[in-house]
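# Coordinates in review
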Amino acid sequence: MAHDRPRIDIPDWERELERVGFARRLLRARKWYGADWWFVAISSLMVVGFLLLAAFPQVFAKYDPLDLVGPRLLAPGERPNQEVLILREDSEFESIADFEPDVRTRVAVVIDTPSSEAARDAADVATEERAAAGLEGRIRLEILRIETLDEALDSLLNGEAVAVVASSSAFGEVDAGYPDLVIAGPVSTLEQDATSFPLGTNQVGQDVLSRLIWGARIAILIGFSAAILSFVIGIPLGLIAGFAGGKLDRILTLIMDSIYAFPGLILAIAITAVLGPSILNIIAAIGVLYIPTYYRVVRGQTLSAKQELYVEAARSLGARPRAILGRYIFPNVIPSVAVIFSVNVADAILTGAGLSFLGLGLPLDIPDWGIDLARGQEFIRSAWWLITFPGLAVMLVVLAFTMMGEGLVEIFNPKLRRK
Amino acid sequence: MTAPLTQGSTLRPGGTLYSLDDVSVRYATREGHVAAVDSVTLDIRKGEILGLVGESGCGKSTLGKAMLRMISPPGKITSGRLIFDGIDLLTLKESEMRVLRGARLGMVFQDPMTSLNPLERIVDHITETIRTHERRVSAAAARDRAEQLIGRLGLRVERIDDYPHQFSGGMRQRIMIALALALRADLVIADEPTTALDVIVEAQFLDLLRELRDEFDLTIVLISHNLGVVAEVADRVAVMYAGRMAELAEVNQLFLEPHHPYARGLLRAVPNIELDGAKLYQMEGVPPDLRHPPAGCAFHPRCPDVMAICSQRRPGFDLLDDGRCVACWLYEDHEEAAK
Amino acid sequence: MHPFVLMFMIFGLPAVIALAWVFTRGGDALRRYIVTRVALTLPMVVILVSVVFVVLRVMPGDVVSSTLGPKATDIARETIMEELGLDRPLIVQYGTFLRDVFTLDLGNSFVGARRPIIDELGERLPATLELIIPAALFALITGIYLGTRAAVRRKRPSDYGLRMYSVIVYSMPIFWLGLLLRLVFSVWLDWTPIAGRIDVVTNTTLERTTNLLVVDSILTANWSALGSALHHMVLPALTLGLVLSGVFLRLTRINVIETLQEDYVVAARARGIRKRAVTYSYALKNAMIPVVTVIGLQVAILLAGAVLTETVFNWPGMGRYLVQRISSRDFQAVQSTVAVFALFVALISLAVDVVYSVLDPRVKY
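The model shown is predicted, which means the values in this text are computed figures rather than measured ones. (Residues numbered from 1 in each chain as written. Chains lettered and ligands numbered in written order. Predicted model: local features only at pLDDT ≥ 70, side-chain atom pairs only at ≥ 80, totals over all residues.)

Turning our attention to the pairing of strand 6 (residues 105-108) of chain B. Residue and element names in this part refer to chain B. Residues of strand 6 alternate between two faces, with Leu105 and Met107 on one and Gly106 and Val108 on the opposite face, all of them buried. As judged from the 4 bridges shared by strand 6 and strand 7 (residues 187-191), these two strands associate in the parallel manner. Looking at strand 7, one finds that Met107 is bridged to Ile189. (Buried ≥ 20, exposed ≤ 12 C-beta atoms within 10 Å, placed from the backbone. Helix = DSSP H or I, 4+ residues; strand = E, 2+ residues; numbered from the N terminus. Pairing = 2+ DSSP bridges.)

Structure representation (structure tokens):
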């Protein structure tokens, strides 16, 4: 019987087979792995979704996260209280822009409402529009502060005031009693004052939803960068330590174990405290935390792979250590690394959010979930949506990556399958 | 009328203690259903040592587990009856089955290293078994029995407080037997008990089995792929192939004059010192894929005496004149033989 | 009496007694192991503390600027550098640092009254303990119990449900969970107080010795104080405990599943041992061994979580102190607090290892 020439690259086609086997497994997996397959499938979709959000926030977010687009502390879905211009039916005007320029038109407002501010804003806008159209003159108002809405409306009826500016809902309650008065229209011509926001606005007037979407960008950026940093440093160190053994191994392992044992957040806090607030520093701080995880796993796998027969065979044939590392040991390490990576990203995002929540790290004007949570704390009584949604966002992203890792573990781990 | 479950058997030696009637066990695997045990009929006589042989994967271990009703999903006993001392085991509830296990049916496993709880002392293993089944026994009495048992099995009594990892393989197997005997089981199924032991320890172990059988009135089913072990110790031998029974005969009958072609092939394959340079015999072909077993007789693709009917219909397993059973058309009446 | 000494007496003394008991009862191998392990704690502390040193002094970053701000005058800089010892060579700094930590000379705070840091930490340590101990207990009991249940009912709906629970709970940022619980129970339902360790009024009636409110109120039979302390403790401990319980649930589940597939479990069933006995005394006990080794690492999560929880609930513990001191750029305090955390980790790790060695008879040294 003819013998094949001894092949050094046996693990190569074995590896090939593994890959094909995995793909086939993936497809058949749905029936066999049951819910675990769904775990991975759903979470992969979520991960892809978040990556899209992070990559193209301008596509998904309606507003710029830094713009003040609405009134402060607006609840989700609540329409801002519209200020309307109320005139007599027979009035010659139709809007504030119609008022005679350079004449102080009397407008009545109720005290302690946003009406006067709305009226003034509208007057300013009207003046700008005139200037833009080449017209001279300014729209000026004389604001009459009246105690109650009824008195203000009366002053309109008896001619003391030319118009009343009040909230549409307030007027809606009493308009039956004033048949001669009509709503000429909203005082503000700006569209933004009429819209509601799906997740509400925050304490300075920014759209919560847009901030959420933009926040994904920084969260995922930090998460992935930190994970990649740990990956890039931890794996080679683990390979070298496991392969070389001896003193180098012992020293490295000692250092890694110490970092590993240390409470992660606290170490990250210390590092950022020293390095100062910036995105790079946060990434560095979090990245350091996970180097030991990769190191340990890779080192362990290297140690056991080192004892495999085919590695000994390769060595006896004179293969160089780098070749052995690269072609035999490294491919065996990949499955566990994939699992660790996804969990790593999840944890990095969590730690990053924690750091920014504590106020340690990010420059102030970057939209970030942690910072939003921290700032929303003081409004916990009045505006529950400020803390709910950013935290929910963090949880969903972390959940997606964790579920992916969890599902992969069940699929990869032969011991957990029923015999 | 069945006796209370835990009462010892009242059969005389030679009577049928355990009768398996057309038992099948099926496993659902990723690649399809596998009939690990396929319509097996077997009777076990009280006081005998029955050897159950076959190559790896032929279903003998599965059969052993089935006898204790310890088949767990994705496997299932799909048909047949298991009658132990007049009790139909398949009609029992799990809690009743649990009462039988250990008390009347015992099992010794292949790997003594992993069959004992590393966190429990040996004495606790035994006393726990005793006190689970006999609630009223005091701790002291249980301990006494444990010590006696250990002593009887050739281990130093002082060591009863040690942990499993402090014993050697052979000693651990003795401990396993002690556990099976703690409650005077009627039937012990030993699943490859000597595979993990070296030859000398194995010989001692087999001697021990024989002694215990005589002293404790045991019936033993010895599952092994090692023909030598079985030849030495068994009274009767059952040969399995592809989940089915091939032949069942007295040990001398089988080894001197095997009937079933598979059994014949097995015995020819055993290396013989007198061969003196002649090539070793090797059976043609390989055992079948149990997901898609051959039609008719499972052995027919490899059989040197194959006939047309062998690929069409499955042979029965009836009793022949000389007291043995063979599942082969060579020994069964059929139209072709008449031609 | 100094708070740290008090803490040592309350926790250290029983620990030392337990250690001595194990020592005398155990066999030779166990004794040797314990001695070795205790001896190893010292180098471990040194290494941990050195890590702190490297992070805080060796890494790039200008401590002085962090402390004083970018507009510091030269004289101010020099004074600070001298005070912190930053003007001396690194080796000398390292030596001084080690000496300081081991003599518990933690320096003085830069802020406000410039009190000795050790006093400030001593006041806050009991608060942190009163947070993490109930949290840890809750997490352990819930996690292990539910984890075992999930393992036993594997691949059935309750298993998946429990796994989802653990994954969800683990994915939640602790501070968010805390805020949500606060929102629901303190703001909306008004069942629990909003912040702090104890009701302000009741506080004045409580005579403090250990500064562990629960202990103190029991000692003085001040039941209203006890009630108030427990009432305040519920939400923070629950927050921290819930997140950690998810971790323990997963750990226990995986280990029990693996253990249940071991041969000795099958062998036990073949002897007719009851399923419940098999699960709890065979599988669980064996599964606990790998879990215990990992518990030591969970302490790290516990401490990290404590920092966040204390911030959310305004709990006056060491974690919140750390964060406050960073905001006020009190470098000395930051350094000392982190070093104390390191000590914590080393001690608890020691305790866990000893427990592990007692549990597993196979351990040999």
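Each partner contributes residues to the interface: chain A has 44 residues there, and chain C has 46 residues. Looking at the side of chain A that touches chain C, the elements with two or more residues in it are helix 8 (246-261), helix 9 (264-275), helix 12 (321-357) and helix 14 (385-412) of chain A. Broken down by class, the residue content of the side of chain A that touches chain C amounts to 31 nonpolar, 9 polar and 4 charged. (Contact = placed C-beta atoms within 7 Å. Nonpolar A, V, L, I, M, F, W, Y, C, P; charged D, E, K, R; others polar.)

The next subject is the pairing of strand 3 (residues 49-53) of chain B. Most of strand 3 of chain B sits out of view: 5 of its 5 residues are buried. Side-chain alternation along strand 3 of chain B places Ile49, Gly51 and Val53 of chain B on one buried face and Leu50 and Leu52 of chain B on a second face that is also buried.

Residues and elements named next belong to chain B. Taken together, 7 strands build an open sheet; the order of strands is 6-7-8-3-9-10-11 and the sheet is mixed. In this open sheet, the two edge strands, each paired with only one partner strand, are strand 6 and strand 11 (325-326). Alignment of strand 9 (residues 236-241) against strand 10 (residues 244-250), held across 6 bridges, turns out to be antiparallel. When the bridges of strand 10 are listed, Tyr241 appears paired with Arg244.

Generally speaking, a soluble globular protein has its nonpolar side chains buried in company with each other. Within the largest apolar cluster, 282 residues are counted, with the highest numbers of intra-cluster contacts made by Ile266, Ala270 and Ile349 of chain A, Leu222 of chain B together with Ala342 of chain C. In terms of residue count, helix 11 (residues 223-260) of chain C provides more of this core than any other element does, 19 residues in total. Three or more residues apiece are contributed to this core by two domains, here domain 1 (16-104 + 183-288) and domain 2 (118-177) of chain B. If we ignore the near neighbours within four places in the chain, the residues touching Ala270 of chain A are Val52, Val55, Leu56, Val334 and Val338 of chain C. (Core = buried A, V, L, I, M, F, W, Y, C linked by C-beta atoms within 7 Å. Domains from an automatic or database assignment.)

Right, let's talk about the environment of Leu222 of chain B for a bit. All names here are of chain B. Here Leu222 shows up in strand 8 (residues 219-224). With 26 C-beta atoms counted inside 10 Å, the residue Leu222 sits in the buried group. Ignoring any residue separated from it by four or fewer positions in sequence, one finds Leu222 in contact with Ile49, Leu50, Gly51, Leu52, Ala190, Val230, Val233 and Ala234.

Another aspect to go through is the packing of helix 3 (residues 122-133) of chain B against helix 5 (residues 169-181) of chain B. Residues and elements named next belong to chain B. Where helix 3 contacts helix 5, the two axes come as close as 9 Å, and the packing angle between them is 20°. The pairing of helix 3 with helix 5 is recorded here as roughly parallel in orientation. In the crossing of helix 3 with helix 5, the sense of the turn from one axis to the other is right-handed. Together, Ile122, His125, Ile126 and Thr129 of helix 3 and Ile175, Ala178 and Leu179 of helix 5 make up the contact between the two elements. Its residues placed into classes, the contact of helix 3 with helix 5 shows 5 nonpolar, 2 polar and no charged. (Axes fitted to C-alpha atoms, helices over the stretch in contact; angles between N-to-C directions. Parallel < 35°, antiparallel > 145°, perpendicular 65-115°, else oblique. Left-handed = near helix turned anticlockwise from the far one by under 90°.)

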